[in-house]
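# Observations on the three-dimensional arrangement
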Amino acid sequence: MQSSLLRPLSLLSKRTLATVAKPHGAATTKLYINGEFIESETDQWIPLHNPATNEIVTYVPQATPRELKEAEDVAKSAFKTWKKSTILSRQRIMFELQALIRQNMDVLASSIVTEQGKTFADAKGDVMRGLQVVEANCGIPTSLMGEKLPVSSGMDTYNFREPLGVTAGIAPFNFPAMIPLWMFPLSIACGNTMLLKPSERDPGATMILTKLAEEAGVPKGVLNVVHGGVDTVNFLCDAPSVRAISFVGSDIAGKHIYERGSKNGKRVQANLGAKNHGVILPDANKNHTLNQLVGAAFGAAGQRCMALSTVVFVGETNEWLPE
């Protein structure tokens, strides 16, 4: 078992950003544990650069083992009461959260522009796609309805949906708002608590969303945010209290998380890289199609799951290839 874990870990380690000593007085990204934004005690910091200017925006901490354990314990404790909250009270928080996200869309988009490098319009689209998930999540009472089926005289079967417990979310760098919004609103609306690890390359949007979640009424300990690289990922895969992990990102990291988390008895949802095909039929408009192919393949510098890597030209469209 050890040998099967060591190879993916070594590959994953190569993708980790180097840590440095933080200059005195430099801006830092905070941890969020038990409803408090706290300064990490770590001596390992990841410098985050503005991709347009190369200026350092902030230093992101590699959370210490003690801080990670504290976040786990807090989430475990908060679950004891949060799981007893009514579905309508959790739905109300989702209503408040979606309103706050809409009001702060420009603030979130500006953070994405600064840390991730998208254009402002593209960054607003990132936020909007996440907001749509939260809006859909406002219908959570319907999604959590159970079932009843009479199977025989005097015999019925019942199906109840119950929260799992502590969950973990591990998000990538390419959609700093959308993908965290795939994770924590759904988890906490179902009555779970969450440990969320945003990408160490652009955690700013997640920290703003965390503040908005607090304002929306998410109780202390229900949502906790931890930072770091491989060490933090491995902690979430190994933490005894974590019952399920949701991951979006690269093949190498995803396979490691899926294997390590599954071996520890956790439910693991791992959305990895994809092979996307564009199929061009003979009746396609040539200029329009070529423009769309360029955008689909190279938009966001190709750093998105739906980026085209393959085009299949059907019939007469084969004649476009020499051009």
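What counts and what doesn't
Residues numbered from 1 in each chain as written. Predicted model: local features only at pLDDT ≥ 70, side-chain atom pairs only at ≥ 80, totals over all residues. Heavy atoms only, no water. Axes fitted to C-alpha atoms, helices over the stretch in contact; angles between N-to-C directions. Helix = DSSP H or I, 4+ residues; strand = E, 2+ residues; numbered from the N terminus. Parallel < 35°, antiparallel > 145°, perpendicular 65-115°, else oblique. Left-handed = near helix turned anticlockwise from the far one by under 90°. Contact = heavy atoms within 4.5 Å. Nonpolar A, V, L, I, M, F, W, Y, C, P; charged D, E, K, R; others polar. Salt bridge = Lys/Arg side-chain N within 4 Å of Asp/Glu carboxyl O. Buried < 20%, exposed > 50% of the residue type's maximum accessible area, 1.4 Å probe, protein only. Pairing = 2+ DSSP bridges. Disulfide = S-S within 2.5 Å.

## A few points about the packing of helix α3 (residues 87-103) against helix α8 (residues 204-216)
One can describe the packing of α3 onto α8 by two numbers: an axis separation of 8 Å at closest approach and a directional angle of 135 degrees. One way to sum up the angle between α3 and α8 is to call them oblique. Crossing of α3 over α8 shows right-handed handedness. Contact residues: Ile93, Glu96, Leu97, Leu100 and Ile101 in α3; Leu209, Leu212, Ala213, Glu215 and Ala216 in α8. Tallied by class, residues from the contact of α3 with α8 come to eight nonpolar, no polar and two charged.

## Some remarks on the pattern of salt bridges
Per the stated rule, a full pass over the model turns up 14 salt bridges. Its salt-bridge partner being Lys220, residue Glu36 comes within 3.7 Å of it at the nearest N-O pair. Of the two residues, Glu36 sits in strand β2 (residues 36-38) while Lys220 sits in the loop between α8 and β9 (223-225), which places them 184 residues apart along the sequence. Looking at Glu36, the relative accessible area reads 41%, which means it is partly exposed. Taken together, the shared-partner salt bridges in this structure form one network comprising Glu41, Arg66 and Glu70.

## Comments concerning the packing of helix α4 (residues 105-116) against helix α5 (residues 120-137)
Where α4 contacts α5, the two axes come as close as 8 Å, and the packing angle between them is 120 degrees. Taken together, the axis directions place α4 and α5 in an arrangement best described as oblique. Crossing geometry of α4 relative to α5 is assigned as right-handed. Side by side, α4 and α5 meet where Met105, Asp106, Leu108, Ala109, Ser110, Ile112 and Val113 of the first sit next to Phe120, Ala123, Lys124, Asp126, Val127, Met128 and Leu131 of the second. Counted by class, the contact of α4 with α5 contains 10 nonpolar, one polar and three charged residues.

## Structural notes on the pairing of strand β4 (residues 56-61)
Strand direction decides the pairing type here: strand β3 (residues 45-49) and β4, joined by five bridges, are antiparallel. When the sheet's bridge partners are listed, Trp45 is paired in β4 with Pro61.

## Some thoughts on the state of the cysteines
Enumeration according to the criterion identifies zero disulfides in this entry. Cys190 takes part in no disulfide bond, and the closest cysteine sulfur to it belongs to Cys138, at a distance of 13 Å. Taking relative accessible area as the criterion, Cys190 reaches 23% and is therefore assigned partly exposed.

## Looking at the environment of Asp122
Secondary-structure assignment places Asp122 in helix α5. Spatially, the C-alpha atom of Asp122 lies 9.4 Å from that of Ile112, the residues being 10 residues apart in sequence.

## Quick word on the side chain of Asn174
Turning to its location among the elements, Asn174 is positioned in the loop between β7 (166-170) and α7 (178-189). In this structure Asn174 comes out as buried when scored by relative accessible area, which is 10%. Once residues lying within four places of it in the same chain are set aside, the contact partners of Asn174 are Gln116, Lys118, Asp126, Ile179, Gln303 and Arg304.

Remember that the coordinates give geometry; whether it matters functionally is a separate question.
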